[in-house]
Amino acid sequence: MIVVTGATGNVGRALVRYLLAAGEQVTAVSRHAPKVALPPGVRHHAADLADPSAVRPALDGADALFLLVAGPDPDGLLKQAADAGVRRVVLLSSQGVGTRPDAYGHPAAFESALAASGLEWTVLRAGGLASNALAWVEPIRNHLVAAAPFGDVGLPFVDPDDVAAVAAVVLREDGHHGATYVLTGPAPVTPRERASAIGEAIGETVDFREQTPDEARAQLAAVMPLPVVEGTLAILGAPTPEERRPSSDVERLLGRPAGSFAAWARRNATAFR
């Protein structure tokens, strides 16, 4: 049995589907009851990862755990997993741990705790998720406008479905212990190009408005800690060569090219209509 934390999120929902298709038993963990019904046969357990003891009932009988970076106590979560007999943990982390460790101390702490846990482990360092564009749903629906800073700086955003597909592989296969994979899309895409791709997907012209860094900072600060805000703005505005460069790990692990942002937009067009 495989436990999936964050099972109602963009990566988690897809991961549950992949695991079920592979014939696995799945327990889905999320803070609240899912708004959309889980597939038949999936057991749901409501727990906040900030309370490791609340997660324990979901772990009994599990072989593997897909773990988000959430809560202040990675050691506590991993101890609960070890005590429950979990053998393998796959952590969804951030590419920023490798490129900007000072700004990404929280996921870095999870990675360090996992490496010291004595469990079999794999780290998935995802770049920016294509689904971050869902922040544009309301302005595109209502005004056909998308706003972002650094409109002509491109990054290889990764399709969350590809992250889920990779996670399904490393959760089920041997040979990934101690590995850290960087997951990106196939090519850098600018905010202006992402807005255009969504417009093409919905058959409309979406106007792009470039935000100032201060406007973007205020918007991000509503949902992120300040150090992460600054790290995110630094990546968006002045990415390093490594952050600009597409990784081959998705293609190597899945045996197919990583999905493009345009393909993600077409698949999710109804969200923007």
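Source: prediction; values computed, not measured.

Trainee: Explain the packing of aromatic side chains residue by residue, including any values.
Mentor: Scanning the entire structure with this criterion turns up two aromatic pairs. Pairing Phe261 with Trp264 gives two aromatic rings, centres 5.4 Å apart and planes at 35 degrees, and the pair type is tilted. Within this pair, Phe261 and its partner Trp264 are both found in helix H13 (residues 261-267), separated by three residues, close to a single helical turn. Trp264 shares its class with Phe261; the two are buried. When the ring of Trp264 is compared with that of Phe272, the centres are 6.2 Å apart and the planes differ by 75 degrees; the resulting orientation is edge-to-face. Phe272 shares its class with Trp264; the two are buried. The rings of Phe261, Trp264 and Phe272 are connected pair by pair, giving a single aromatic cluster.

Trainee: Any details on the packing of helix H1 (residues 10-21) against helix H7 (residues 160-172)? Residues and values, ideally.
Mentor: Put simply, H1 and H7 touch, their axes get as near as 8 Å, and they point 50 degrees apart. Considering their axes alone, H1 and H7 lie oblique with respect to each other. The handedness of the crossing between H1 and H7 is right-handed. Two secondary-structure elements touch here, H1 through Asn10, Val11, Ala14, Leu15, Arg17, Tyr18 and Leu19 and H7 through Pro160, Asp161, Val163, Ala164, Ala165, Ala167, Ala168, Leu171 and Arg172. Of the residues contributing to the contact of H1 with H7, the split by class is 12 nonpolar, one polar and three charged.

Trainee: Mind laying out helix H2 (residues 52-59), listing which residues take part and the relevant values?
Mentor: Listed as buried for H2 are Pro52, Val55, Ala58 and Leu59. Projected down its long axis, H2 carries its buried residues within an arc of 95 degrees, all on one side. On the buried face of H2, the contacting elements are strand E1 (2-5), strand E2 (26-30), strand E3 (43-46), strand E4 (64-68) and helix H3 (74-83). Just downstream of H2, Gly61 is the residue with a positive phi angle, here 85 degrees.

Trainee: Break down the side chain of Arg88 for me, citing the residues and quoting the values.
Mentor: You can see Arg88 is positioned in strand E5 (residues 88-94). In terms of polar contacts, Arg88 uses its side chain to reach the backbone carbonyl oxygen of Leu171, at 3.0 Å. Not counting chain neighbours up to four residues away, the residues in contact with Arg88 comprise Asp63, Ala64, Leu65, Glu120, Val170, Leu171, Arg172, Glu173 and Asp174.

Trainee: So what's going on with the pairing of E5? Which residues, and what values?
Mentor: Most of E5 sits inside the fold, with seven of its seven residues counted as buried. Sheet analysis places E4 next to E5, joined by five bridges and oriented parallel. The partner of Ala64 across the bridge, within E5, is Arg88. In this region the chain leaves E4, passes through H3 and returns to the parallel neighbour E5; the handedness of that crossover is right-handed. Across seven bridges, the pairing between E5 and strand E6 (residues 120-126) is parallel. Residue pairing across strands places Ser94 opposite Ala126, the latter belonging to E6.

Definitions and cut-offs
Residues numbered from 1 in each chain as written. Predicted model: local features only at pLDDT ≥ 70, side-chain atom pairs only at ≥ 80, totals over all residues. Heavy atoms only, no water. Phe/Tyr/Trp six-rings, centres within 6.5 Å; stacked < 30°, edge-to-face > 60°. Helix = DSSP H or I, 4+ residues; strand = E, 2+ residues; numbered from the N terminus. Buried < 20%, exposed > 50% of the residue type's maximum accessible area, 1.4 Å probe, protein only. Axes fitted to C-alpha atoms, helices over the stretch in contact; angles between N-to-C directions. Parallel < 35°, antiparallel > 145°, perpendicular 65-115°, else oblique. Left-handed = near helix turned anticlockwise from the far one by under 90°. Contact = heavy atoms within 4.5 Å. Nonpolar A, V, L, I, M, F, W, Y, C, P; charged D, E, K, R; others polar. Arc of directions from axis to C-beta. Polar contact = N/O pair within 3.5 Å; in protein donor to acceptor, adjacent residues only side chain to side chain. Pairing = 2+ DSSP bridges. Right-handed = clockwise from strand over helix to strand, strands pointing away.

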